[in-house]
2 protein chains.
Amino acid sequence: MRVAYQEIIQNLEKILLKNGFTEDRAKLCSILFTQASLDGVASHGLDRFPVFLEMIRKKLVLPNQEASILDSYGVFERWNGNLGPGPLNAYQCMDRAIQISKELGVGIVALQNTNHWMRAGNYGWQAAEAGCIGICFTNTKPNMPAWGGSEPKLGNNPLVIAIPHSDGHIVLDMAMSQFSYGKLKTYLREGKEMPFDAGFDADGNLTKSPESVIANELALPVGLWKGAGLSLLLDMLATILSGGKSTFQVGESGEEFSLSQVFICLDAEKIGIKEWSEEKLDAIISDLQSSSTFVGSEIRYPGGKIPEIRKQNMEHGIPVDEKIWKSIIKEL
Amino acid sequence: MRVAYQEIIQNLEKILLKNGFTEDRAKLCSILFTQASLDGVASHGLDRFPVFLEMIRKKLVLPNQEASILDSYGVFERWNGNLGPGPLNAYQCMDRAIQISKELGVGIVALQNTNHWMRAGNYGWQAAEAGCIGICFTNTKPNMPAWGGSEPKLGNNPLVIAIPHSDGHIVLDMAMSQFSYGKLKTYLREGKEMPFDAGFDADGNLTKSPESVIANELALPVGLWKGAGLSLLLDMLATILSGGKSTFQVGESGEEFSLSQVFICLDAEKIGIKEWSEEKLDAIISDLQSSSTFVGSEIRYPGGKIPEIRKQNMEHGIPVDEKIWKSIIKEL
């Protein structure tokens, strides 16, 4: 089924108000959830809203705790998320990184003690909309093995790199696992194998079986030992820059809360790249799309499809899972 | 065979002096090549020295051109490599990023019109030795396909993330291809298949055959479409930040020169993370290494083996390929 953008936002807003959010915070939080579904990433949008409410009821997410500044060193600031809602904290800290970059060319905010930011790409779009290159990453609970390991030790630690571009921003939003557990579960429900190796079975062999990967919680790091290394370093950076918890500490509670995140902005105007940036990006994209292909398929680039998806969903309503939507409506 | 560290440096230095380098530059350049081999990365150390000399003879690498500043915006600077030797330009720009970060907490230098920096990790070690978190990346000529593409369009664009750590710095040095062409050629010579999928065959199927991957120049991006995306974004960032050439433009000449690079530093002391950084890193490493394993093998982390390799090679001499060493000695 499809539901209109405004209708979704209004409903989420009412529910958040009932759950202790102040008006402004309920509104922004609703927009951030809806934005994810609007852009075709329902897995980190509406699909997560029921879990988000559960986290609020467990008092792991505190609706009206705002992020507060801990330390300021000019370009670099450290903030405490005070266990507030992850999307609001992330939005606030990316906004702060944007502000710093508008003044100093570059702005970096490290955030400790925050919660799941839901769709990572939102904050990349936020930076790009403000005319900034935006880079951000978060740690997570342990959900991938170290290279050679037989238990989850690494987070899939999503990384976003966003570049402003007038024809639609270029936004890479990638977790360090080849497939998300959400995607694995979808294939499992449909009784299908994954199209590529997705993790390890109980004997440590690469497997395409979603059942096996889920059972062992051994999702495959992108690029095998390389993604395992990148995941580790992102966790280390988020932890030491924010002064917060690392993936293994997040894992200790059995719940995924109190995460560490980093937000980096470079303001295109302030560092003098505006005059050539568009032209150079267009040339790169045009060369990429001129590539010969094996299957005659179109070559895509990160974020390239989003303006069209957004337009379709604005016109025809946002696709929502009927079961999820019913469970949300019940909260009204 | 093994050759002593100092002996290698002295020989390289003499050869560079004969090839037009001034004394200081010959010395530093020799150290950077030797450092790579010392750390066990001969593929980007001594093994490349003959190719480096060839690039000098072709006048694609200009021995005494120094990098010069183009624009300064406080934290962010843009430099021109003036087609000087890649290792010297990279060292100079990472040094400049370190200096800026010592003053402002963060320093970013984008470098255009430079040459192959040889071993990427060197500049990560350089930053970490100076007490800085260092992040750097470079573009390359096209040597990987876009996702779905049947010709090389993306560079394997190495990325380095380095974190200072008193027990040996943590340095991730990863190209965006699962295996380097150097590694593919080694397996081909030995008549072996790669241990994991390494690229595509002429029909676009994943293959472990080094012969097939090399013939089609279709090395596999790490994490399939994810690494393809990351590679593209790194090229875009290097290009627009430096104002220099992108991967496809580098590819147009048929030679790999005039690259774009970015160097980022955060000074640990200046941003107030020194008091907890060691302890947090030790805890993460200790948790990682406590992982159960499938094969009883030790869990490694990026850079973790280097202090031991370095010690061994300092004591017993650096392993060098006999044929390569002979061809180098001939240049004396």
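For clarity, every value in this text was computed on a predicted model and none was experimentally measured. (Residues numbered from 1 in each chain as written. Chains lettered and ligands numbered in written order. Predicted model: local features only at pLDDT ≥ 70, side-chain atom pairs only at ≥ 80, totals over all residues. Heavy atoms only, no water.)

Comments concerning the overall build of chain A
A tally of helices and strands in chain A yields 12 helices and 13 strands. In terms of overall size, chain A behaves like a compact globule, its C-alpha atoms giving a radius of gyration of 20 Å where 332 residues would be expected to give roughly 20 Å. Expressed as lengths along the three principal axes of its C-alpha atoms, the size of chain A is roughly 55 × 55 × 45 Å. Within chain A, the proportion of its 332 residues that are buried is 59%. Partitioning the contacts of chain A with sequence separation of at least 6, the portion at a separation of at least 24 is 64%. For chain A, the accessible surface area stands at approximately 12,700 Å², while carbon and sulfur atoms represent 49% of it. Where the 32 positive side-chain charges of chain A centre and where its 40 negative ones centre are 4 Å apart. (Helix = DSSP H or I, 4+ residues; strand = E, 2+ residues; numbered from the N terminus. Rg over C-alpha atoms; globule rule 2.2 N^0.38 Å. Buried < 20%, exposed > 50% of the residue type's maximum accessible area, 1.4 Å probe, protein only. Contact = heavy atoms within 4.5 Å. Areas by Shrake-Rupley, 256 points an atom, 1.4 Å probe, with all protein chains shown as cover. Lys, Arg positive; Asp, Glu negative; His and termini not counted. Charge placed at Lys NZ, Arg CZ, Asp CG, Glu CD.)

Quick word on the nonpolar core
Across soluble globular proteins, you tend to see nonpolar side chains buried next to one another. Leu241(A) and Leu241(B) are the most contacted members of the largest nonpolar core, which has 102 residues in total. Beyond its immediate chain neighbours, meaning those up to four positions away, Leu241(B) contacts Ile133(A), Leu266(A), Ile271(A), Ile273(A), Phe76(B), Arg78(B), Ala110(B) and Val262(B). Ranked by size, the runner-up nonpolar core spans 30 residues in total, among them Val3(A), Tyr5(A), Met55(A) and Ile324(A). (Core = buried A, V, L, I, M, F, W, Y, C linked by side-chain atoms within 4.5 Å.)

Remarks on the domain arrangement of chain A
All names here are of chain A. With domains assigned, chain A is organised as domain 1 (60-176 + 224-270 + 308-313) and domain 2 (178-220). Inter-centroid distance (C-alpha atoms) of domain 1 to domain 2 is 26 Å. Listed per partner, the contact involves 10 residues of domain 1 and eight residues of domain 2. The contact between domain 1 and domain 2 buries some 670 Å² in all, and 67% of this surface belongs to carbon and sulfur atoms. Interface area lost by domain 1 to domain 2 is led by Asn 143, Pro 145 and Leu 224, which between them contribute 47%. Put simply, domain 1 and domain 2 have zero salt bridges between them. Joining domain 1 to domain 2, the criterion identifies one residue pair in polar contact (both at pLDDT 80 or more). Broken down by class, the residue content of the side of domain 1 that touches domain 2 amounts to seven nonpolar, two polar and one charged. (Domains from an automatic or database assignment. Buried area = accessible area lost by both parts, 1.4 Å probe. Salt bridge = Lys/Arg side-chain N within 4 Å of Asp/Glu carboxyl O. Polar contact = N/O pair within 3.5 Å; in protein donor to acceptor, adjacent residues only side chain to side chain. Nonpolar A, V, L, I, M, F, W, Y, C, P; charged D, E, K, R; others polar.)

A few points about the side chain of His169(B)
Residues and elements named next belong to chain B. With respect to the helices and strands, the residue His 169 is situated in the loop between strand S8 (159-163) and strand S9 (170-174). Since its relative accessible area comes to 11%, His 169 is described here as buried. In this structure the side chain of His 169 is engaged in a polar contact, spanning 3.0 Å, whose partner is the side chain of Glu 129. A polar contact of 3.1 Å, which involves the side chain of His 169, links it to the backbone nitrogen of His 165.

Quick look at the packing of helix H4 (residues 86-104) of chain B against helix H5 (residues 121-129) of chain B
Residues and elements named next belong to chain B. Axis separation between H4 and H5 bottoms out at 10 Å; the angle between their running directions is 30°. Taken together, the axes of H4 and H5 lie roughly parallel to each other. The chirality of how H4 crosses H5 is right-handed. Of the residues in H5, those in contact with Pro 87, Ala 90, Tyr 91, Met 94, Asp 95 and Ile 98 of H4 are Tyr 123, Gln 126 and Ala 127. (Axes fitted to C-alpha atoms, helices over the stretch in contact; angles between N-to-C directions. Parallel < 35°, antiparallel > 145°, perpendicular 65-115°, else oblique. Left-handed = near helix turned anticlockwise from the far one by under 90°.)

With respect to the relation of the copies chain A and chain B
The transform that puts chain A on chain B rotates by 180° and translates by 0.0 Å along the axis, for an RMSD of 0.0 Å. Within this description, the copies of the chain are treated as partners about a two-fold rotation axis. No C-alpha of chain A lies nearer the rotation axis than that of Gly223(A), which sits 2.2 Å from it. Here 99% of the contact residues of chain A are again contact residues in chain B; the copies associate through an equivalent surface. (Least-squares fit on C-alpha atoms with pLDDT ≥ 70 in both.)

So, the environment of Glu278(B)
Residue and element names in this part refer to chain B. Mapped onto the elements, Glu 278 comes out in helix H10 (residues 274-289). Considering only alpha carbons, one finds Glu 278 and Ile 69, 209 residues apart in sequence, at a separation of 35 Å. Setting aside its immediate chain neighbours within four residues, Glu 278 contacts Pro 164, His 165 and Ser 166. At a separation of 2.8 Å, a polar atom in the side chain of Glu 278 contacts the side chain of Ser 166.

With respect to the interface of chain A and chain B
Each partner contributes to the interface: chain A provides 76 residues, whereas chain B provides 75 residues. Of the roughly 6,700 Å² buried at the junction of chain A and chain B (both faces included), carbon and sulfur atoms supply 75%. The largest per-residue losses of area from chain A upon contact with chain B belong to Lys226(A), Ile240(A) and Phe294(A), which jointly make up 12% of the total buried on that side. For the interface between chain A and chain B, the tally reads two salt bridges. In this structure, Asp287(A) engages Lys153(B) in a salt bridge whose closest nitrogen and oxygen atoms are separated by 2.9 Å. Viewed at the interface, chain B and chain A are joined by 26 residue pairs in polar contact (both at pLDDT 80 or more). Contributing elements (two or more residues each) for the side of chain A that touches chain B: strand S3 (76-80), strand S4 (106-114), strand S5 (132-138), strand S7 (152-154), strand S8 (159-163), strand S9 (170-174), helix H8 (225-242) and helix H10 (274-289) of chain A. Among the elements that take part in the side of chain A that touches chain B, H8(A) stands out by supplying 12 residues, more than any other. For the side of chain A that touches chain B, a count of residues per class yields 48 nonpolar, 18 polar and 10 charged.

Side note on the pairing of S8(A)
Each regular strand shows side chains that alternate between the opposite faces of the sheet. All names here are of chain A. S8 sits mainly inside the fold: five of its five residues count as buried. What you see with S8 is no split at all: Leu 159, Ile 161 and Ile 163 on one side and Val 160 and Ala 162 on the other are buried throughout. Where S5 and S8 come together, four bridges link them in antiparallel fashion. If you follow Gly 134 over to S8, its bridge partner there is Ala 162. As defined by bridge partners, S8 adjoins S9 across five bridges and the pair is classed as antiparallel. Looking across to S9, one finds that Val 160 is bridged to Asp 173. The antiparallel pairing of S8 with S9 creates a hairpin that spans six residues between the two strands, and Gly 168 there sits at a positive phi of about 115°. (Pairing = 2+ DSSP bridges.)

Digging into the pattern of salt bridges
Enumeration according to the criterion identifies 28 salt bridges over all chains in this entry. A salt bridge links Asp39(A) to Arg310(A); its shortest N-O distance comes to 2.7 Å. You can see Asp39(A) sitting in the loop between helix H2 (23-38) and helix H3 (49-57) and its partner Arg310(A) sitting in helix H11 (residues 306-316), a full 271 residues away along the chain. Given a relative accessible area of 2%, Asp39(A) falls into the buried group. For Arg57(B), the salt bridge is made with Glu331(B), and the minimal N-O distance between the two is 2.6 Å. Here Arg57(B) is found in helix H3 (residues 49-57), whereas its partner Glu331(B) is found in the segment after helix H12 (322-329), with 274 residues between them in sequence.

A word on the sheet that holds S3(A)
Residue and element names in this part refer to chain A. In space, the seven strands of this open sheet follow the order S2-S3-S4-S12-S5-S8-S9, with mixed pairing throughout. In this open sheet, the two edge strands, each paired with only one partner strand, are strand S2 (68-73) and S9. When strand polarity is set aside, the average angle formed by the axes of neighbouring strands in this sheet is 10°. Of the pairings in the sheet, the one linking S3 to S4 comprises five bridges and is parallel in character. Its bridge partner being in S4, Asn 80 is matched across the sheet by Gln 112. Running over the sheet, helix H5 (residues 121-129) touches S5, S8, S9 and strand S12 (259-267) and is turned about 25° from S8.

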